[in-house]
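The lines below spell out each chain.
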Amino acid sequence: MKKGIVILFAATLGLAACNQYKKGPGGLMYTIHKDGGKDKIKEGDIVKLNFIQKTEKDSVTMNTWDMEAPQVFPVQKKVFAGDMNDVLTLFGEGDSATFKLDLDTVAKYSGQPKPAGQKDKYLVFTIKVEKVLQKDKGEADSTFQKKARDFFEKDYKASIDRMKNAEAGKIKKYIADNNLKTTTTASGLQYVIVKPGNNEKPVLGDTMMVNYTGKLTTKKADGKDNIFDTSDAKIAKEAGKHNPMAVYGPRAITLGRAIPGFDEGLQLIGKGGKITMVIPSALAYGEAGMQQGGAGISPFAPLVFDVELVDIKKPKSVPAATLTPATAAPVTKK
């Protein structure tokens, strides 16, 4: 876990235990863990935030640190007192804080009722304001927009370069931490065959019925595996990735339609086999990453898949499209 997140969690837990939240408009509750001493955010500013979004029962629904994807957006005019735009005006660059949005207030003013079964009163955010870009007095809108665009394009490129340069280290650390004795193919795929299976191996066009769990090489902020998709309902629930519309159990994936590393790895085992694959980003989602469906795969992110090849179906059998993936189907090409 990163040092900054450790400090933030410690502060959050300590202050929550002491019930030191201040009351704000619209049922808002907030506490500032660290004051950076900068000017407070105002409407029209462009901010860069990292945040953890949780339910009142501490179930994490989004964590930009885990995703390595801080959010950049302009602060809009508030719609009602205590909304997301309003609460940001309490903070400045360098501040870290926790605040609770009153879901009843949000429902009342947004016109959208709380989701069915939602019993929490609050949605909880722990944030770090990384950067605030403010418009100078008298500065033309066009000038400010260009300044902001140039700044954040440069900032994004620097972030991408850091992730690219960190990839090899992430792979090496994951393999060492998990004591894996991997074999490396010419493409760069690293794998461990847990169980070879029989002599029947999939070929291009076959539909493979597989049980799998896909995760990042880096841990989540809470120290748990950073799972982005799985065919196992129990694992999905534990990872907060359960999709009630998904069909869990062996999934149908057509060989030749998955990401290259997944396709390559599955051809190394036979029916009934099991394999662990450490897939470099060049054989996965590369410099684009995959955020669709909440996958949370950042650019240049290496992936790990634990896979069991349950069955092999020849063409003209049940098509893979008839099964619903749990997330954005991170083993399927776009």
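Residues numbered from 1 in each chain as written. Predicted model: local features only at pLDDT ≥ 70, side-chain atom pairs only at ≥ 80, totals over all residues. Heavy atoms only, no water.

### Some points on the environment of E200
What counts is decided by this rule: Only DSSP runs of H or I covering at least 4 residues are called helices, and only runs of E covering at least 2 are called strands; the numbering of each starts at the N terminus. Buried means the residue's accessible area, taken with a 1.4 Å probe over protein chains only, is under 20% of the maximum for its type, while exposed means over 50%, and partly exposed covers the values in between. Only heavy atoms matter for contacts: two residues are in contact if any of them lie within 4.5 Å across the pair.
Structurally, E200 is set in the loop between β9 (190–195) and β10 (207–219). Exposure remark for E200: the relative accessible area of 32% places this residue in the partly exposed category. Separated by 73 residues in the primary sequence, E200 and G273 place their C-alpha atoms 10.0 Å from one another. Ignoring any residue separated from it by four or fewer positions in sequence, one finds E200 in contact with G270, K271 and I312.

### Side note on the environment of V132
Inspection of the secondary structure assignment puts V132 in strand β7 (residues 122–133). Judged by its relative accessible area of 8%, V132 falls in the buried class. Sequence-wise, V132 and K40 are 92 residues apart; in three dimensions their C-alpha atoms are separated by 9.1 Å. Leaving out residues up to four positions away in the same chain, V132 has contacts with I41, D45, I46, V47, G92 and E93.

### As for helix α4 (residues 103–110)
Of the positions making up α4, those classed as buried are L103, T105 and A107. Those residues of α4 hidden inside the fold are in contact with β6 (96–102) and β7. Count one or two residues on from α4 and you reach G111, which has phi positive near 80°.

### Quick look at helix α5 (residues 141–177)
The condition that has to hold: By this rule the span expected of a helix is its residue count minus one, scaled by 1.5 Å. To get the bend at any residue, fit one axis to the seven residues that end at it and another to the seven that begin at it, then take the angle between the two axes.
Here α5 contains 37 residues, and its C-alpha end-to-end distance of 50 Å stays within 8% of the 54 Å for a straight helix at 1.5 Å per residue. If you look at α5, its biggest bend is around 40°, right at A166. Looking one or two places after α5, you find N179, whose phi comes out positive at around 50°.

### Observations concerning the confidence of the model for the chain
To keep things clear, this is the line we draw: Values of pLDDT, which run from 0 to 100, indicate the predictor's confidence residue by residue.
Across the chain, the average pLDDT comes to 86, with 87% of residues at 70 or higher. Low pLDDT, under 50, characterises residues 1–18; the stretch is placed with 24 contacts to residues that sit more than four places away or in other chains. Counted against residues more than four places away or in other chains, residues 321–334, with its pLDDT under 50, gives 50 contacts.

### Points about the pattern of salt bridges
Inclusion rule: A carboxyl oxygen of Asp or Glu within 4 Å of a side-chain nitrogen of Lys or Arg is what we treat as a salt bridge.
Throughout the structure, instances matching the rule amount to 20 salt bridges. Residue K170 is joined to E68 by a salt bridge in which the shortest nitrogen-to-oxygen separation is 2.8 Å. Taken together, the residues K170 in helix α5 and E68 in the loop between α2 (64–67) and β5 (71–74) connect sequence positions 102 residues apart. Classification of K170 by relative accessible area gives buried; the value is 14%. Taking the relative accessible area as the measure of exposure, E68 reaches 23% and is therefore partly exposed. Here D136 and K147 are joined by a salt bridge, their closest N and O atoms 3.7 Å apart. Of this pair, D136 sits in the loop between β7 and α5 while K147 sits in helix α5; the two residues are eleven residues apart in sequence, bridging distant segments of the chain. Judged by relative accessible area, D136 falls into the partly exposed class, the value being 48%. It is possible to trace a salt-bridge network through shared partners that takes in K215, K219, D225 and D306.

### Some details on the nonpolar core
Burial of nonpolar side chains together is a common tendency in soluble globular proteins. Convention followed: Here, nonpolar core refers to any group of buried Ala, Val, Leu, Ile, Met, Phe, Trp, Tyr and Cys residues whose side-chain atoms link them within 4.5 Å.
Formed by 29 residues in total, the largest nonpolar core has its most connected members in F262, L266, M277, I297, L303, F305 and V307. When residues of this core are traced back to their parent elements, those giving at least two are β10, α7 (260–266), β13 (274–279) and β14 (303–313). Once you skip the residues sitting within four places of it in the chain, L303 turns out to touch K215, L216, F228, I259, M277, V278, I279, A284, Y285 and I297. Grouped together as the second largest cluster of nonpolar side chains are 17 residues, I41, V47, A97 and I127 included.

### Section: empty space enclosed by the protein
What counts is decided by this rule: The method works on a 1 Å grid over the protein atoms by themselves. A cavity is a set of points holding a 1.4 Å probe that cannot get out, a pocket is an open set with protein on both sides within 12 Å along at least five of seven lines, and residues with an atom within 4 Å of a point line them. Grid points are joined across faces, edges and corners, and a volume is the space filled by probe spheres set on the points. Amino acids are sorted into nonpolar (Ala, Val, Leu, Ile, Met, Phe, Trp, Tyr, Cys and Pro), charged (Asp, Glu, Lys and Arg) and polar (every other residue, Gly among them).
Scanning all chains against the criterion turns up one cavity of 30 Å³ or more. Taken as a whole, the largest cavity holds about 30 Å³ of empty space. Around the largest cavity, the lining residues are E68, K170, L216, T217, T218, S298, A301 and P302. Considering every element that reaches the lining of the largest cavity, the biggest residue donor is β10, with three residues. Partitioning the lining of the largest cavity into residue classes produces three nonpolar, three polar and two charged.

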